[in-house]
Amino acid sequence: MSLDNEIKDLEDAKRYELHIDGHVAYVEYNNVAGGRLISKTVVPEALEGRGIASRLAKHVLADLREKGLKILPTCTFFAAYIQKHPEEYGDLVQDGYKVVLGLK
(Lines give C-alpha, C1' and ligand atoms only; values in the text may rest on other atoms or scores of the structure.)
Protein backbone atom coordinates (compact mmCIF):
# COMPACT_ATOMS: atom_id res chain seq x y z
CA MET A 1 0.00 0.00 0.00
CA SER A 2 1.52 3.32 -1.01
CA LEU A 3 1.19 6.68 0.68
CA ASP A 4 -1.08 9.34 -0.81
CA ASN A 5 1.11 12.41 -1.34
CA GLU A 6 -1.89 14.76 -1.08
CA ILE A 7 -2.57 13.72 2.54
CA LYS A 8 -0.36 15.43 5.11
CA ASP A 9 0.42 14.29 8.65
CA LEU A 10 0.35 17.47 10.73
CA GLU A 11 2.06 16.07 13.82
CA ASP A 12 1.76 19.31 15.83
CA ALA A 13 -2.01 19.36 15.24
CA LYS A 14 -2.23 15.56 15.67
CA ARG A 15 -4.19 15.03 12.49
CA TYR A 16 -3.91 13.96 8.89
CA GLU A 17 -5.42 16.43 6.41
CA LEU A 18 -6.59 16.26 2.82
CA HIS A 19 -7.56 19.50 1.05
CA ILE A 20 -10.06 19.10 -1.81
CA ASP A 21 -12.13 21.73 -3.61
CA GLY A 22 -11.70 24.29 -0.82
CA HIS A 23 -12.66 21.79 1.92
CA VAL A 24 -10.59 19.88 4.46
CA ALA A 25 -11.19 16.24 5.35
CA TYR A 26 -9.17 14.99 8.30
CA VAL A 27 -8.38 12.22 10.76
CA GLU A 28 -7.58 13.13 14.38
CA TYR A 29 -5.22 11.05 16.50
CA ASN A 30 -3.31 10.93 19.75
CA ASN A 31 0.10 9.36 20.10
CA VAL A 32 0.23 6.45 22.53
CA ALA A 33 3.03 4.05 23.44
CA GLY A 34 3.95 2.25 20.22
CA GLY A 35 1.10 3.61 18.17
CA ARG A 36 -1.68 6.06 17.48
CA LEU A 37 -5.19 6.20 18.85
CA ILE A 38 -7.39 7.26 15.93
CA SER A 39 -10.28 9.20 17.44
CA LYS A 40 -12.20 10.93 14.65
CA THR A 41 -12.63 11.02 10.87
CA VAL A 42 -14.32 14.09 9.39
CA VAL A 43 -15.38 14.49 5.77
CA PRO A 44 -17.28 17.70 4.95
CA GLU A 45 -20.75 17.16 3.54
CA ALA A 46 -19.69 18.64 0.19
CA LEU A 47 -17.15 15.80 -0.20
CA GLU A 48 -19.35 12.91 0.95
CA GLY A 49 -19.90 9.95 -1.35
CA ARG A 50 -16.51 10.26 -3.06
CA GLY A 51 -14.57 7.67 -1.07
CA ILE A 52 -12.61 10.32 0.82
CA ALA A 53 -12.85 8.59 4.22
CA SER A 54 -11.58 5.33 2.70
CA ARG A 55 -8.78 7.20 0.97
CA LEU A 56 -7.77 8.73 4.32
CA ALA A 57 -7.98 5.34 6.04
CA LYS A 58 -5.76 3.65 3.44
CA HIS A 59 -3.18 6.40 3.78
CA VAL A 60 -3.18 6.48 7.58
CA LEU A 61 -2.88 2.69 7.81
CA ALA A 62 -0.04 2.64 5.26
CA ASP A 63 1.70 5.45 7.17
CA LEU A 64 1.41 3.58 10.48
CA ARG A 65 2.76 0.42 8.85
CA GLU A 66 5.70 2.35 7.39
CA LYS A 67 6.44 3.93 10.79
CA GLY A 68 6.14 0.60 12.61
CA LEU A 69 3.23 1.83 14.74
CA LYS A 70 0.06 0.08 15.90
CA ILE A 71 -3.46 1.52 15.72
CA LEU A 72 -6.12 1.83 18.40
CA PRO A 73 -9.19 2.72 16.29
CA THR A 74 -11.68 4.35 18.64
CA CYS A 75 -13.10 6.15 15.60
CA THR A 76 -16.12 4.13 14.45
CA PHE A 77 -15.23 4.56 10.77
CA PHE A 78 -11.70 3.21 11.26
CA ALA A 79 -12.94 0.34 13.42
CA ALA A 80 -15.46 -0.67 10.74
CA TYR A 81 -12.89 -0.23 7.95
CA ILE A 82 -10.44 -2.57 9.65
CA GLN A 83 -13.21 -5.08 10.38
CA LYS A 84 -14.03 -5.09 6.65
CA HIS A 85 -10.36 -5.61 5.71
CA PRO A 86 -8.89 -7.74 8.52
CA GLU A 87 -6.49 -9.60 6.21
CA GLU A 88 -4.87 -6.32 5.13
CA TYR A 89 -4.89 -4.36 8.38
CA GLY A 90 -5.59 -6.68 11.31
CA ASP A 91 -1.88 -6.95 12.09
CA LEU A 92 -1.72 -3.18 12.67
CA VAL A 93 -4.26 -3.25 15.49
CA GLN A 94 -2.82 -3.08 19.00
CA ASP A 95 -3.13 -6.57 20.52
CA GLY A 96 -5.48 -5.60 23.35
CA TYR A 97 -7.81 -3.85 20.90
CA LYS A 98 -8.12 -6.83 18.54
CA VAL A 99 -10.66 -8.40 20.92
CA VAL A 100 -12.79 -5.23 20.79
CA LEU A 101 -12.89 -5.46 16.98
CA GLY A 102 -13.57 -9.19 17.00
CA LEU A 103 -10.25 -9.97 15.32
CA LYS A 104 -9.17 -12.50 17.97
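A quick note: this is a predicted structure, and the numbers were derived from the prediction, not measured.

> Quick one: what's the story with the pairing of strand 1 (residues 7-10), residue by residue and with numbers?
In terms of strand pairing, strand 1 meets strand 2 (residues 15-20) through four bridges, oriented antiparallel. Directly across from Lys8, in strand 2, lies its bridge partner Glu17. Linking strand 1 back to strand 2 in an antiparallel pair, the connection comprises four residues, with Lys14 at a positive phi of about 55 degrees.

> I'd love a proper account of the sheet that holds strand 4 (residues 35-42), names of residues and values included.
What links the strands of a sheet is backbone hydrogen bonding, and the strands pair in either a parallel or an antiparallel sense. Read from one edge to the other, the open sheet built from five strands follows the order 1-2-3-4-5, with strand pairing classed as mixed. Looking along the sheet, the strands with just one partner apiece sit at the ends: strand 1 and strand 5 (70-73). Within this sheet the neighbouring strands show an average axis-to-axis angle of 30 degrees, counted without direction. Across the sheet, helix 1 (residues 52-67) is in contact with strand 1, strand 2, strand 3 (23-32), strand 4 and strand 5; its angle to strand 2 comes to roughly 140 degrees. Sheet strands touched by helix 2 (residues 76-84): strand 3, strand 4 and strand 5. Its angle to strand 5, the strand with the most contacts, is close to 120 degrees.

> Summarise the nonpolar core; cite the residues concerned and give the values.
In this structure, Ile38, Ile52, Leu61, Ile71 and Phe78 are the most contacted members of the largest nonpolar core, which totals 28 residues. Taken together, the elements giving at least two residues each to this core come down to strand 2, strand 3, helix 1, helix 2 and helix 4 (95-101). A per-element tally of this core places helix 1 first, with seven residues.

Cut-offs used in this document
Residues numbered from 1 in each chain as written. Predicted model: local features only at pLDDT ≥ 70, side-chain atom pairs only at ≥ 80, totals over all residues. Heavy atoms only, no water. Pairing = 2+ DSSP bridges. Helix = DSSP H or I, 4+ residues; strand = E, 2+ residues; numbered from the N terminus. Axes fitted to C-alpha atoms, helices over the stretch in contact; angles between N-to-C directions. Contact = heavy atoms within 4.5 Å. Core = buried A, V, L, I, M, F, W, Y, C linked by side-chain atoms within 4.5 Å. Buried < 20%, exposed > 50% of the residue type's maximum accessible area, 1.4 Å probe, protein only.

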